[in-house]
Amino acid sequence: MLLDLRGRSAHGDRAFRWIAIGAGALVLLILGMVALVMVDRARPVLGEMGLSFFSSKRWSSADGMYGALPFLWGTLFTAAIAVAIAVPVSLGVALFVTQVAPRWLKKPMVYVIDLLAVVPSVVFGLWGVLVLSQHFGLGRSFLTAGIILGIMITPIITSLSREVIETTPPSEKEAALALGATRWEMIRASVLPHSKGGLVGAVMLGLGRAMGETIAAALVIGSALGQVTVNPFASGNSMPAVIANEWGEADDMHKSALIALAVTLFVITIAVNLIATAIVQRSMRHSRGKST
Amino acid sequence: MIIESATESVKALRPMQRRAAPPLEETAVVFDAESVEVFYGSFRAVRGVTMKIYKNQITAFIGPSGCGKTTMLRAFNRMHDVIPGARVAGKLYYHGVDLYGPDVSATEVRRRIGMVFQKPNPFPKSIYDNIAFGPRVNGVKNTSELDAVVEKSLRSAALWDEVKDRLRHSALGLSGGQQQRLCIARTIAVQPDVVLMDEPCSALDPIATARIEELMRQLKSQFTIVIVTHNMQQAARVSDRTAFFTAELDAKNDQRCGILVEYDATAKIFSNPSDERTENYITGRFG
């Protein structure tokens, strides 16, 4: 008689496989439907305005003019301020927690930082109105929004950076220390090069969050129209904020314009993510020694 | 060739007592350890180590796993400082200076007492930047000076000819044996006094191992070398003196603690050890 090599029944395996494929396909389907519907609804305004949708500063539903440049600018400017504030703070905290802090301080600090990440954004927004705008007199401005967004993305950048930094093998740190390096020199020689890719990824994730944040920005940015200026104390508006503020009383063309804003934001965040992935992969290839 | 140096030393052997002054050339004392103990938290990993390390000689630490030989090695350049909870007790003098004294900077200690690790650990940087790192953190800025140090160090580590055309390439593209020689070059680039080696060949093949051993013989004219090795043949081949460590069960707290059993000329340890435990270990009856 021949050997029986048919093995155990593979029903469970087959079921798992189809569930996994189904879940994966569902995600793609949802993404595809979102993109399809949004682009379709954005088409009227883009057909009307053409490329001037991105270059015009004039946004007036009464005249049927929809130029998104001020909102595009507001989004990028506030996100840039947020990242400029959040990156040094996050990196500093992550390095402190992983390299400097004594063990008894490390756990509570990590806990508090992670707690900061779950504070609802409307709470940060209201705090910004009360404290930054009114108490410190910053008003509702690009700067106020940038600071609030910076505070909001600090926990996530810190958390991710900390995790990346902690993957530095002790042997790489000891290599630097054994050459007479100080702690900071060791961090520069071993920890940062090792973590570079992951740190860029963390910052990009924070940047994406800052650009997409709606309610906090809407509360403190000032909702001023037509502002394209590098003056951080000026009031302005951002893409998500203007959508939240105007959707309720918008007519058809106006809605189309707001949807076009959403599509633009969507495309920008995808682009940021793609760039981040490319940077991370390139730096990883580099440190593995395959290119020069 | 392998046991040449060992047999030479055998000829010079005289009868001696356990832990008596070895018959080797009495060079200057570099390290003088008196009852050194190392703790990780409340766990005592090594106790009662009293020994002298001599200049321009190779001293090997051998013994079974967990006997504290690496722990003892790391006490010599204060690498325990960076491990939370680790602590060194007893007295450890380096050229007569208390290594753990209040005015002693661990950074300065490690500049003078370099270390090569078990697994090659080059920085994820170019070959050039790996070697130049040490001199740079120690204040060498001048490019031509750095170029010279890089070339000299790589030549000393017998790596120059293999890498001179790709100094700007990543060090991680080198083979394991080349990476370890790079790490040796990186260590000697800061012109240390002592080079500590923690099982430097355990991740390497026999050919790469032979290269490193050859290198150690060449380097000992400039440096004092202390090497931890699991490989007894390696200790017999390269070292002048050998220290045998073992782990002993402490009856009080039921924990194993490393002790120094016997320390003598390598030829003596491997031909006529004074302690039965050493003999059992080197003849393979234990460990």
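Keep in mind it's a predicted model, so treat the numbers as computed, not measured.

Peer 1: Kindly report on the overall build of chain A, identifying the contributing residues and their values.
Peer 2: Each helix and strand counted, chain A has 11 helices and 2 strands in total. Reading chain A from its N end, one meets helices and strands in the order α-α-β-β-α-α-α-α-α-α-α-α-α. The C-alpha atoms of chain A give a radius of gyration of 24 Å, which is well past the 19 Å a tight globule of 292 residues would have. Summarising its shape, the C-alpha atoms of chain A cover approximately 80 × 70 × 40 Å along the three principal directions. Within chain A, the proportion of its 292 residues that are buried is 41%. Within chain A, counting contacts between residues at least 6 apart in sequence, those at least 24 apart form 70% of the total. When the accessible surface of chain A is summed, it comes to about 15600 Å², and 68% of that surface belongs to carbon and sulfur atoms.

Peer 1: Can you break down the confidence of the model for chain A residue by residue, with the values?
Peer 2: Considering every residue of chain A, the mean pLDDT works out to 88; 97% of them sit at 70 or more. By mean pLDDT, helix H11 (residues 252-288) of chain A is the weakest element of chain A at 84, and helix H3 (residues 69-100) of chain A is the strongest at 94.

Peer 1: Before we move on, could you go through the nonpolar core and cite the residues and values that matter?
Peer 2: Side chains of a nonpolar character, in soluble globular proteins, are inclined to be buried together. All names here are of chain B. One finds Phe 31, Met 51, Phe 61 and Met 72 to be the most contacted residues of the largest nonpolar core, which totals 52 residues. Top contributing element to this core by residue count: strand S2 (residues 43-54), with 6 residues. Here Met 51 is in contact with Phe 31, Asp 32, Ala 33, Phe 61, Ala 243, Leu 260 and Tyr 263, once residues within four sequence places are set aside. By size, the runner-up hydrophobic cluster in this structure holds 44 residues, among which are Ile 127, Leu 159, Leu 174 and Ile 227.

Peer 1: Talk me through the confidence of the model for chain B; I want residue IDs and the actual numbers.
Peer 2: Residues and elements named next belong to chain B. Chain-level pLDDT for chain B is 88 on average; 91% of the residues reach the 70-or-more range. Scored below 50 in pLDDT, residues 1-22 makes 31 contacts in the model with residues more than four places away or belonging to other chains. What the predictor reports for the complex is a pTM of 0.77 with an ipTM of 0.82.

Peer 1: Break down the interface of chain B and chain A for me, citing the residues and quoting the values.
Peer 2: Facing the 29 residues of chain B at the interface are 22 residues of chain A. Interface of chain B and chain A: buried area, both sides summed, is about 2000 Å²; carbon and sulfur atoms make up 65% of it. As a salt-bridge pair, Arg 74 of chain B and Glu 174 of chain A come within 2.7 Å of each other at their nearest N and O atoms. Viewed at the interface, chain A and chain B are joined by 2 residue pairs in polar contact (both at pLDDT 80 or more). Tallied by class, the residues present in the side of chain B that touches chain A amount to 12 nonpolar, 10 polar and 7 charged.

What counts and what doesn't
- Residues numbered from 1 in each chain as written.
- Chains lettered and ligands numbered in written order.
- Predicted model: local features only at pLDDT ≥ 70, side-chain atom pairs only at ≥ 80, totals over all residues.
- Heavy atoms only, no water.
- Helix = DSSP H or I, 4+ residues; strand = E, 2+ residues; numbered from the N terminus.
- Rg over C-alpha atoms; globule rule 2.2 N^0.38 Å.
- Buried < 20%, exposed > 50% of the residue type's maximum accessible area, 1.4 Å probe, protein only.
- Contact = heavy atoms within 4.5 Å.
- Areas by Shrake-Rupley, 256 points an atom, 1.4 Å probe, with all protein chains shown as cover.
- pLDDT = per-residue confidence, 0-100.
- Core = buried A, V, L, I, M, F, W, Y, C linked by side-chain atoms within 4.5 Å.
- Buried area = accessible area lost by both parts, 1.4 Å probe.
- Salt bridge = Lys/Arg side-chain N within 4 Å of Asp/Glu carboxyl O.
- Polar contact = N/O pair within 3.5 Å; in protein donor to acceptor, adjacent residues only side chain to side chain.
- Nonpolar A, V, L, I, M, F, W, Y, C, P; charged D, E, K, R; others polar.

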